[in-house]
Amino acid sequence: MEEQGPNRRSMKKKRKLRFGRFFMTITFLLLIGIIVFSIFQYKAGKDLASSKEQKDIEFTGDPLDVKNPSIENVLVLGADISEDGISRSDTMMLVSWNKETDEVNIVSFMRDIYASIPGGYKPQKLNVAYSLGGVQLLKDTISSMFGVPIHHYALIDFESFESLVDIVAPSGVKIDVEKAMSEKIGVSLEQGVQQLNGQELLGYARFRADEEGDFGRVARQQQVMEALKEEVLSPLNAIYYPKFAGAIQGYVQTDYSTTEEIKHVLSLGFSGGININKLTIPIEKSYDFSSFPGVGSVIEINVDKNKQALSEFLGMRLR
């Protein structure tokens, strides 16, 4: 009986080694499978957006502030083609990412802000700058008005937004719809908590046919951004990241290179500690409503008050 002891220990050791090799083999095959799946999904997303026609966009971003090198400001625009064929920026946001604190500060600019537009144009509504001179003129208008540096841009049209939402959140995005909505948004929404697909989410973000008007719409746009962040960060949706990253290249126009773009998306997506703060320009008690011939109803703002609020919100000194 004593001679069998070492044999038993030897057999147990062999079984452990076999199990270890089996476990390593399975892990290796699983890793290969994940890589292959990710590559195919990335290509599928890229192919899905390949038919999207992209125009050349003029843009010269500001250099990073030497005093605030960790802060990167991206002008995010949602554009639409109106019935008269003119492309207008329906959504104008400055997304400021502080890489040191992992904070994302989102500033929404109201479309009807009465703004001085560089280049010899007469004062107009802020969103008209995009119609007159594209991304660059809108960037120059915001930068000259508020003294804020803008380093990059990202432009997405409404159809592309719907597609990206359906890719990264195929089960929909959870939104508490505060009232029934249908006028001029292409969908009919009922009151209550529900999962909205891409088209419905866009309609919710665009609705302004109530007493709140554009102020309510901007609040909903910020709510949508927060909800999308939760969906992107959800472990349940991680399987869709490769396809999402591939589709971004065709659906989102930006001055980021492909490599930078993917790294930026993934760094935001995998950083679960991201904290999003929101601000709307104009701030409360800093504006009046006016009307001008050929321009229509506008929001005249106290630029100094709003510039100060923007500086404090972003944590950087403005020009």
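Structure: see above.
Described in the following lines is the structure provided in the data block. Quantities reported herein were computed from a predicted structural model and do not represent experimental measurements. (Residues numbered from 1 in each chain as written. Predicted model: local features only at pLDDT ≥ 70, side-chain atom pairs only at ≥ 80, totals over all residues. Heavy atoms only, no water.)

### Some points on the overall build of the protein
Within the protein, the secondary structure is distributed over eight helices and 12 strands. A total of 319 residues make up the protein; the buried ones form 44% of that total. Taking the contacts inside the protein whose residues are at least 6 apart along the sequence as the reference set, 64% of them involve residues at least 24 apart. Summed over its atoms, the accessible surface of the protein is roughly 17600 Å², and 55% of this surface lies on carbon and sulfur atoms. (Helix = DSSP H or I, 4+ residues; strand = E, 2+ residues; numbered from the N terminus. Buried < 20%, exposed > 50% of the residue type's maximum accessible area, 1.4 Å probe, protein only. Contact = heavy atoms within 4.5 Å. Areas by Shrake-Rupley, 256 points an atom, 1.4 Å probe, with all protein chains shown as cover.)

### Thoughts on the environment of Val135
Counting through the fold element by element, Val135 comes out in helix H2 (residues 128-146). Judged by its relative accessible area of 3%, Val135 falls in the buried class. As for Val135 and Leu75, which are separated by 60 residues in sequence, their C-alpha atoms are 8.8 Å apart. In contact with Val135, not counting residues within four places along its chain, are Ile57, Glu58, Phe59, Leu77, Tyr130, Tyr153 and Leu155.

### Observations concerning the side chain of Arg217
One can find Arg217 in helix H5 (residues 213-233). Engagement of the side chain of Arg217 in a polar contact is seen with the side chain of Asp90, the distance being 3.1 Å. A distance of 2.8 Å separates the side chain of Arg217 from the side chain of Asp214, its partner in a polar contact. Those residues in contact with Arg217, other than ones at most four positions away along the chain, are Asp90, Arg111, Ala205, Arg206, Phe207 and Arg208. (Polar contact = N/O pair within 3.5 Å; in protein donor to acceptor, adjacent residues only side chain to side chain.)

### What to know about the packing of aromatic side chains
Evaluated as defined, the whole model comprises six aromatic pairs. The interplanar angle of 80 degrees and the centroid separation of 5.7 Å between the aromatic rings of Tyr287 and Phe289 together place this pair among those described as edge-to-face. Classification of Phe289 as exposed rests on a relative accessible area of 61%. The structure contains a cluster of three or more aromatic residues connected by ring pairs, namely Phe215, Tyr287 and Phe289. (Phe/Tyr/Trp six-rings, centres within 6.5 Å; stacked < 30°, edge-to-face > 60°.)

### Description of the pattern of salt bridges
Side chains that differ in sign of charge can pair as their charged atoms come close. Taken as a whole, this structure holds 16 salt bridges when the rule is applied. Among the ionic pairs, Arg206 bridges to Asp90, the shortest N-O distance being 3.8 Å. Of this pair, Arg206 sits in helix H4 (residues 198-206) while Asp90 is found in strand S2 (residues 87-98), placing the two residues 116 residues apart along the sequence. A residue is classified by how much of its surface remains accessible, and Arg206, at 22% relative accessible area, is partly exposed. A salt bridge links Glu178 to Arg220; its shortest N-O distance comes to 2.7 Å. Of this pair, Glu178 sits in the loop between strand S7 (173-177) and strand S8 (192-196) while Arg220 is found in helix H5, placing the two residues 42 residues apart along the sequence. Among the residues examined, Glu178 registers a relative accessible area of 32% and is labelled partly exposed. (Salt bridge = Lys/Arg side-chain N within 4 Å of Asp/Glu carboxyl O.)

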